[in-house]
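Per-entry structural report
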Protein chains: 4
Amino acid sequence: MIKAGIIGATGYAGGELVRLLMGHKNAEIKWYGSKSYIDQRYADVYRNMFQVVEDVCKDDNIRELSRQVDVIFTATPQGFLASVLDEDILSAAKVIDLSADYRIKDVATYEKWYGIQHQSPQLIGEAVYGLCERNREAIKKARLVANPGCYPTCSILSVFPLLAEGLIDPATLIIDAKSGTSGAGRGAKVANLYCEVNENIKAYGVAGHRHTPEIEEQLSYAAGCPVVLNFTPHLVPMNRGILVTAYASLKETDGELPTPEQVRSAYRKYYDGERFVRLLPEGVCPETKWVEGSNYVDVNFKIDPRTKRVIMMGAMDNLVKGAAGQAVQNMNLMFGERESEGLELVPMFP
Amino acid sequence: MIKAGIIGATGYAGGELVRLLMGHKNAEIKWYGSKSYIDQRYADVYRNMFQVVEDVCKDDNIRELSRQVDVIFTATPQGFLASVLDEDILSAAKVIDLSADYRIKDVATYEKWYGIQHQSPQLIGEAVYGLCERNREAIKKARLVANPGCYPTCSILSVFPLLAEGLIDPATLIIDAKSGTSGAGRGAKVANLYCEVNENIKAYGVAGHRHTPEIEEQLSYAAGCPVVLNFTPHLVPMNRGILVTAYASLKETDGELPTPEQVRSAYRKYYDGERFVRLLPEGVCPETKWVEGSNYVDVNFKIDPRTKRVIMMGAMDNLVKGAAGQAVQNMNLMFGERESEGLELVPMFP
Amino acid sequence: MIKAGIIGATGYAGGELVRLLMGHKNAEIKWYGSKSYIDQRYADVYRNMFQVVEDVCKDDNIRELSRQVDVIFTATPQGFLASVLDEDILSAAKVIDLSADYRIKDVATYEKWYGIQHQSPQLIGEAVYGLCERNREAIKKARLVANPGCYPTCSILSVFPLLAEGLIDPATLIIDAKSGTSGAGRGAKVANLYCEVNENIKAYGVAGHRHTPEIEEQLSYAAGCPVVLNFTPHLVPMNRGILVTAYASLKETDGELPTPEQVRSAYRKYYDGERFVRLLPEGVCPETKWVEGSNYVDVNFKIDPRTKRVIMMGAMDNLVKGAAGQAVQNMNLMFGERESEGLELVPMFP
Amino acid sequence: MIKAGIIGATGYAGGELVRLLMGHKNAEIKWYGSKSYIDQRYADVYRNMFQVVEDVCKDDNIRELSRQVDVIFTATPQGFLASVLDEDILSAAKVIDLSADYRIKDVATYEKWYGIQHQSPQLIGEAVYGLCERNREAIKKARLVANPGCYPTCSILSVFPLLAEGLIDPATLIIDAKSGTSGAGRGAKVANLYCEVNENIKAYGVAGHRHTPEIEEQLSYAAGCPVVLNFTPHLVPMNRGILVTAYASLKETDGELPTPEQVRSAYRKYYDGERFVRLLPEGVCPETKWVEGSNYVDVNFKIDPRTKRVIMMGAMDNLVKGAAGQAVQNMNLMFGERESEGLELVPMFP
């Protein structure tokens, strides 16, 4: 039985982690960390957990926690983990970080986009970027996993096979993403009130969203060259779900565009056998509702011969594959569990 | 392994049944019946099931179906099952009917409220009303279970303990219920279009909704006398969930109202040990979101000493405990499975 | 041209007041009071007002304000106006108060339900309860109008004709109300976040909501005897709208229930000629969407001969007839304007 | 007083036209045409119109209608108007067509994208594309106005100034658009049911949506060269609103990108003085909620120096500026009315 602790258990991602771990056969939560709700019953914060979780919330003492558990999940604000993590903790427990602290290899890039000084840059090298479909073997051996951001997970999985196979021109890549509101967190802000979000859609963080360098770094690995792209997130009036619509110019070979079959083959090369990536049938566009509550990412594409571009699409649940689900998938890999344990959730519709 | 067949597998309740049975260790679906989608892949109708269900939809041949499976679920329009069910079928397979055909013991009442002539009244006597918390032992032995309606399930479980314990006056009972839109089904009607339902709330079926006699019959058993009540359903702009707010005058004993403790004891008498009914802590009102996706019913109450009434409240997911979840719970009872098998779902929030 | 000032201009009711007054031919806003946004442009707080309102928000100096305008609207927290209002101000400008400070005639009742000591009880007697359809003549002569609460407006208008005509038993009255989320205000609270409200419905303030004594007082006037009732509000996932579903036992005369025609006549007696109350055709239930954005209240009823009760229903926009629209209607009456000036808005659908 | 007739008065755009014309000082509706609801009261189809519209729906006899009115609005399926319009009708009444029949100058392009043979190609030349901000003078003299599509209106107004001023490379233009569900019409289809749209977002018509050639044609005029682009619409769970996010590479001059001031000047050149286009302050992204119910289009942009692209954004209400509002604006121009008459609506928030 894997003993798990969560720091930041009362945010939306933390809550989803609890939901998923409750259904995991070989894991149990030993520590519900939540600075804001210390000594309060967890089920009083999330009443869906009434009679499911009996524990009380604890403080964020990660050192103490590392003595008591096998794995620590941190669903904390940027900078927290970097400021407390050290070899002592890492040698006592494995860490899966849902924040951005160890996702970006270049410290300067992290510090520029996040506006924070990194407190433990010496650990960045060791951290494995926890996109399971890309880094499975490294994750299995890792002590510290940087769980990918929600937008990056969906963006990378929608796009990378075509980059990796050289079918698209990296310089033309544009990612237009749409997210449900749980991605904005549970903080009490006017902008996230029901009446402000409902019946509304807007872009935000245009040309400056922090997930941009993370997406670029990972796609650069796939492309084998630096990728600089536009990433525009939008806030959508729904609880869960991210949809990515990405655009790129197809590369011609001898004056010929790649055929749909060639593009499809590129996706299949990487996703055949992947339990959680579903390449949809031809002509079917991904919809967030079809994956809600599950760890699936649905992807598909459409070639536009008029503009010689391909439109790449992906849909997933931002709290599952985009956060807690992927964290559990990483845990499974790190502890030799079946990769899909606790994650065999059928999407809920409607 | 229990072999199951579903007639009406492509309605919302049918779809939920598929979702739940996919997570059941000892059941497998052998027949996806859907008149409207014969020969189409089930996963083309419900894309959440892509790579989960590989089967194709079949016609509604219940006789043939009864030879192939152990249990038949019918999620069909009123009158369908009554027109085809007979001893031959019932001796081949158990039947759990999600329609109203066998819920009401008095044929005249059924025919009056539903405006249909009952085609197999001789089977009504045998049918067991499948409200597990009330009729557990009878269900275990039943061949034919009438799965309760969504509103009745929530209404009865919110109210019956106080009636059974004689704490409230049956003549004063009023049930004001609110339901998400999946309860209206997947039929293509203007009234159920997104733009007609969204940003809107209305009462419907006022003083005439078909679930009224079902609620009255079951509450009459609990009260030990005929109960006639007002039941008013409302359509709420959300996918899932039923909330019941019920009102009744408290009975005084020697000029004293029952205390909150006495009322709480009445609920506890019936619900202590019940896996799927959660009596909430004092002062906490049920919310549909806290049970979404799960088989729970959350109940609670508030005494108003000024009016000498008690307000009884209940919340559940109309597609789970109000339909497919309860159907699986009934199946578990009928086949000697653990009652909660396949139903240990933690509610999804947000 | 009526010069108007608003204190509390950046709450949802304040914002709606601005929207409505922009369309009023003979009124202009001279003062946008907002403690939270002093010196900020109003259009930066509510961007719908970009290029519509050029003003900057000012402090809440009501004395100064009273010298500059003809009418002051206060859309402020309970207790504010009572703590600052005096004869000096009232002799300089008329006041329409959207808070509860002067709605309840009995100070003890106010202080008990609101938990505040009333700072200017000497002015309560002068204040006119601004339900235009009830107190039109008194409003015309008033200096101080207590604009009714949202729930009370819809509840009273749905119910009072039957009480006034002696058709129902006041002791049996139960009001089950449902409101959109703008009624909860623009304060940054976790409970009002999009993800907490969306896909959810709950009762709140059960047997203790502050609008209860206001409803009771006004209905007592109509009934000619004290009315004590149950009032249960619910929070619905939509921006605007209140729906009231009220229940009462019909009074029999010589063993006969009132006929539908008699009940309809009671409504017509009070509402024929009323511009903003629409008695719907027989059998049509009010829906909040049909009145959204307008000053209408739609009402109707249904008799249940089985239980000898009548179900009374009303729908309105909580921010218009339930707050800002009624305030403008009151202003029109107080200043001799056409009562519907600025309020002839066709409801927006969808 | 302008006498107006509507064919297709019971679709969502037709309903909005009625709402707007009710507030127009110099127009009155003489004919509510609706094939589906002939002889039914209009207010029974749209209950918001109860006591507002007393008329009954009539058949689609456009010839007869042209004798009775000054202007005919057609909010009808593609191909209808083209199949009935002739010189006889046009000489009797002006026509504003909300369908696509006369929007595209090249018949072959129309026929290819719409899959319909055009029945009156001889009238295409005369038709004026009714984008008021572009073709004001021609509209004033027109007998036949092709009211622009919803997506094209928002797309063109967001993008054309930069094309016209040569600031962006037309070959790189990508338009990612998001629309509320009223754009899908009031037809009873499973895909538009509440439960299918709610909590969901998807792309549709990818690389094949019919508004593409309309956008391309108009932008070609602005650019002075053929424009071929990608246009991807998405369905968003809200009633109203279109948001456009458009991407293009900036053209460098002497190795320098245009400055934000230069880009802003390009917008100001075309929009200063435009009543219904609001260029937002720097850094403020358009949101659909801020224009809901009004005829405004809010636009803004952001330069990304990293990718040398500009992100252009626009938001409007698809039923107002995207359909009925623009139709009224066209009517005002054609009849010498003040252009904003009936359209001075303050957006409704929340």
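Before any of the text, the structure's been laid out above.
Residues numbered from 1 in each chain as written. Chains lettered and ligands numbered in written order. Predicted model: local features only at pLDDT ≥ 70, side-chain atom pairs only at ≥ 80, totals over all residues. Heavy atoms only, no water.

A few words now on the overall build of chain A. Across its full length, chain A holds 12 helices and 13 strands. Taken over C-alpha atoms, the radius of gyration comes to 20 Å for chain A, in line with the 20 Å a tight globule of 350 residues would show. Dimensions along the principal axes, computed over C-alpha positions, put chain A at roughly 65 × 45 × 40 Å. Here chain A, with 350 residues, has 66% of them falling under the buried criterion. The long-range fraction of contacts in chain A, counting pairs at least 24 apart against all pairs at least 6 apart in sequence, stands at 70%. Split by element, the accessible area of chain A, about 10,900 Å² in all, is 47% carbon and sulfur. (Helix = DSSP H or I, 4+ residues; strand = E, 2+ residues; numbered from the N terminus. Rg over C-alpha atoms; globule rule 2.2 N^0.38 Å. Buried < 20%, exposed > 50% of the residue type's maximum accessible area, 1.4 Å probe, protein only. Contact = heavy atoms within 4.5 Å. Areas by Shrake-Rupley, 256 points an atom, 1.4 Å probe, with all protein chains shown as cover.)

Attention shifts here to unusual backbone geometry. Following A:Phe349, the chain continues into A:Pro350 via a peptide bond in cis, with omega recorded as -5°. Positive phi is not limited to glycine here, since C:Glu199 has a value of about 60°. In this fold, C:Glu199 is placed in the loop between helix 9 (194–197) and strand 8 (202–203). Non-glycine residue C:Lys308 carries a positive phi angle of around 60°. Mapping C:Lys308 onto the fold places it in the loop between strand 12 (297–304) and strand 13 (309–316).

To continue, consider helix 11 (residues 260–271) of chain D. Side chains that are three or four residues apart share a direction in an α-helix, a result of its 3.6 residues per turn. All names here are of chain D. For helix 11, spanning 12 residues, the distance from its first C-alpha to its last is 16 Å, which sits close to the expected 16 Å at 1.5 Å a residue. In this structure, the buried residues of helix 11 make contact with helix 8 (150–164), strand 11 (277–279), strand 12 (297–304) and strand 13 (309–316). Positive phi shows up at Gly 273, right after helix 11, with a value of about 95°. (Expected span 1.5 Å × (residues − 1).)

Take the environment of A:Tyr296 next. In this structure, A:Tyr296 sits in the loop between strand 11 (277–279) and strand 12 (297–304). The exposure class assigned to A:Tyr296 is buried, which follows from its relative accessible area of 5%. As a C-alpha pair, A:Tyr296 and A:Ile29 span 267 residues in sequence and 24 Å in three-dimensional space. Filtering out sequence-adjacent residues up to four positions away, A:Tyr296 remains in contact with A:Arg275, A:Phe276, A:Arg278, A:Val291, A:Ala315, A:Met316, A:Asp317, A:Lys321, A:Leu345, A:Pro347 and B:Val52. A distance of 3.2 Å separates the side chain of A:Tyr296 from the side chain of A:Arg275, its partner in a polar contact. (Polar contact = N/O pair within 3.5 Å; in protein donor to acceptor, adjacent residues only side chain to side chain.)

Moving on, we come to the pairing of strand 9 (residues 230–235) of chain D. Residue and element names in this part refer to chain D. Of all 6 residues that make up strand 9, 6 are buried, and the element is covered over most of its length. Bridge analysis of strand 7 (residues 174–179) against strand 9 gives 6 bridges, and the strand direction is parallel. Directly across from Ser 179, in strand 9, lies its bridge partner Leu 235. Pairing geometry for strand 8 (residues 202–203) and strand 9, over 2 bridges, is antiparallel. Bridge pairing in strand 9 links Lys 202 to Leu 235. (Pairing = 2+ DSSP bridges.)

Here we come to the packing of helix 7 (residues 132–140) of chain C against helix 12 (residues 320–334) of chain C. Residues and elements named next belong to chain C. Across the interface, helix 7 lies against helix 12 with an axial gap of 9 Å and an inter-helix angle of 35°. Regarding helix 7 and helix 12, the two cross each other, and that crossing is right-handed. Across the interface between the two elements, Cys 132, Glu 133, Arg 136, Ile 139 and Lys 140 of helix 7 pack against Lys 321, Gln 326, Gln 329, Asn 330, Leu 333 and Met 334 of helix 12. Here the contact of helix 7 with helix 12 is composed, by residue class, of 4 nonpolar, 3 polar and 4 charged. (Axes fitted to C-alpha atoms, helices over the stretch in contact; angles between N-to-C directions. Left-handed = near helix turned anticlockwise from the far one by under 90°. Nonpolar A, V, L, I, M, F, W, Y, C, P; charged D, E, K, R; others polar.)

In total, this model carries 116 salt bridges over all chains according to the counting rule given. When the shortest N-O distance is used, the salt bridge between B:Glu274 and B:Arg136 registers 2.7 Å. You can see B:Glu274 sitting in the loop between helix 11 (260–271) and strand 11 (277–279) and its partner B:Arg136 sitting in helix 7 (residues 132–141), a full 138 residues away along the chain. Two residues, C:Lys178 and C:Asp176, come together in a salt bridge whose shortest N-O distance is 2.8 Å. (Salt bridge = Lys/Arg side-chain N within 4 Å of Asp/Glu carboxyl O.)

Turning next to the sheet that holds strand 4 (residues 94–97) of chain B. Residues and elements named next belong to chain B. Ordered in space as 2-1-3-4-6-5, the 6 strands form an open sheet in which the pairing is parallel. Each end of this open sheet is capped by a strand with a single partner; those strands are strand 2 (27–33) and strand 5 (128–129). In the packing of helix 1 (residues 12–22) onto the sheet, contacts are made with strand 1 (2–7), strand 2 and strand 3 (71–74), and the angle to strand 2 comes to roughly 155°.

Counting residues at the interface gives 19 residues for chain C, matched by 19 residues for chain A. Buried surface at the junction of chain C and chain A, summed over both partners, amounts to about 1,700 Å²; 58% is from carbon and sulfur atoms. Considering only the side of chain C, the residues that lose the most area to chain A are C:Leu193, C:Tyr194 and C:Cys195, jointly responsible for 39% of the buried surface there. Between the two partners, chain C and chain A, sit 2 salt bridges. Across the pair C:Arg186 and A:Glu196 runs a salt bridge whose closest N-O atoms are separated by 2.8 Å. There are 12 residue pairs in polar contact (both at pLDDT 80 or more) connecting chain C and chain A. For the side of chain C that touches chain A, the element with the highest residue contribution is helix 9 of chain C, accounting for 4 residues. Each residue belonging to the side of chain C that touches chain A can be placed in one class, and the counts come to 9 nonpolar, 6 polar and 4 charged. (Buried area = accessible area lost by both parts, 1.4 Å probe.)

All right, on to the environment of A:Glu199 then. Among the residues examined, A:Glu199 registers a relative accessible area of 3% and is labelled buried. Remark: the alpha-carbon pair of A:Glu199 and A:Glu256, spanning 57 residues in sequence, is separated by 44 Å. Excluding anything up to four places from it in sequence, A:Glu199 contacts A:Pro237, B:Tyr194, B:Asn198, B:Glu199, C:Asn239, D:Pro237, D:Met238, D:Asn239, D:Arg240, D:Thr288, D:Lys289 and D:Glu292. Reaching out from A:Glu199, the side chain makes a polar contact with the side chain of B:Asn198 at a distance of 2.7 Å. Of the polar contacts made by the side chain of A:Glu199, one reaches the backbone nitrogen of D:Asn239; its length is 3.0 Å.

Another point: the relation of the copies chain D and chain A. Of the transformation placing chain D onto chain A, the axial shift is 0.0 Å and the rotation is 180°, giving an RMSD of 0.0 Å. Classification of the inter-copy transformation places it as that of a two-fold axis. Measuring from the rotation axis to each C-alpha of chain D, the shortest distance belongs to D:Pro237, at 3.3 Å. Of the interface residues in chain D, 100% have counterparts in chain A that sit at the interface too, so the contact is made through matching surfaces. (Least-squares fit on C-alpha atoms with pLDDT ≥ 70 in both.)

All right, on to the sheet that holds strand 6 (residues 144–146) of chain D then. Residues and elements named next belong to chain D. The strand order across the open sheet formed by 6 strands is 2-1-3-4-6-5, and the pairing between neighbours is parallel. The open sheet has two free edges, formed respectively by strand 2 (27–33) and strand 5 (128–129), since each of these has just one partner strand. Judged from the 3 bridges that link them, strand 4 (residues 94–97) and strand 6 form a sheet pairing that is parallel. Each bridged residue has a counterpart across the sheet, and for Asp 97 the counterpart in strand 6 is Ala 146. Set on the sheet, helix 12 (residues 320–334) makes contact with strand 1 (2–7), strand 2, strand 3 (71–74), strand 4 and strand 6; between it and strand 4 the angle comes to about 155°.

Looking now at the relation of the copies chain C and chain A. Laying chain C over chain A is done by rotating through 180° and shifting 0.0 Å along the axis; what remains is an RMSD of 0.0 Å. Taken together, the interface assignments show that 100% of the residues at the interface of chain C recur at the interface of chain A, consistent with an identical surface on both copies.

Take the environment of D:Gly241 next. Residues and elements named next belong to chain D. Relative to the helices and strands, Gly 241 resides in the loop between strand 9 and strand 10 (242–249). Residue Gly 241 is classed as buried on the basis of its relative accessible area of 2%. Taking the C-alpha atoms as reference, Gly 241 lies 26 Å from Lys 25; in sequence the two are 216 residues apart. Residues within four places of Gly 241 in sequence aside, it is in contact with Lys 178, Ser 179, Gly 180, Thr 288, Met 316, Asp 317 and Asn 318.

The interface of chain D with chain A comprises 49 residues on the first partner and 49 residues on the second. For the chain D and chain A pair, buried surface summed over both sides reaches about 4,000 Å², with 55% attributable to carbon and sulfur atoms. In terms of surface lost to chain A, no three residues of chain D exceed D:Glu199, D:Ile201 and D:Arg306, which account for 17% of the buried area on that side. Along the contact surface separating chain D from chain A lie 6 salt bridges. Along the contact surface separating chain D from chain A lie 30 residue pairs in polar contact (both at pLDDT 80 or more). At the level of secondary structure, the elements contributing two or more residues to the side of chain D that touches chain A comprise strand 7, helix 9 (194–197), strand 8, helix 10 (211–223), strand 9, strand 10, strand 12 and strand 13 of chain D. For the side of chain D that touches chain A, the element with the highest residue contribution is strand 7 of chain D, accounting for 4 residues.

With that out of the way, let us pick up empty space enclosed by the protein. Considering all chains together, one arrives at 4 cavities of 30 Å³ or more under this definition. Of the voids in this model, the largest cavity is the one considered here, and its volume is about 60 Å³. What lines the largest cavity is A:Tyr194, A:Asn198, A:Pro237, B:Tyr194, B:Asn198, B:Pro237, C:Tyr194, C:Asn198, C:Pro237, D:Tyr194, D:Asn198 and D:Pro237. Along the lines of polarity and charge, the residues of the lining of the largest cavity split into 8 nonpolar, 4 polar and no charged. In this structure, the second largest cavity spans a volume of roughly 40 Å³. Every residue along the wall of the second largest cavity is listed here: A:Glu199, B:Glu199, C:Asn239, C:Lys289, C:Glu292, C:Pro350, D:Asn239, D:Arg240, D:Lys289 and D:Glu292. Class assignment for the residues of the lining of the second largest cavity results in 1 nonpolar, 2 polar and 7 charged. (1 Å grid on protein atoms, 1.4 Å probe; cavity = no way out; pocket = protein on both sides within 12 Å on 5 of 7 lines; lining within 4 Å. Points joined across faces, edges and corners; volume = space filled by probe spheres on them.)

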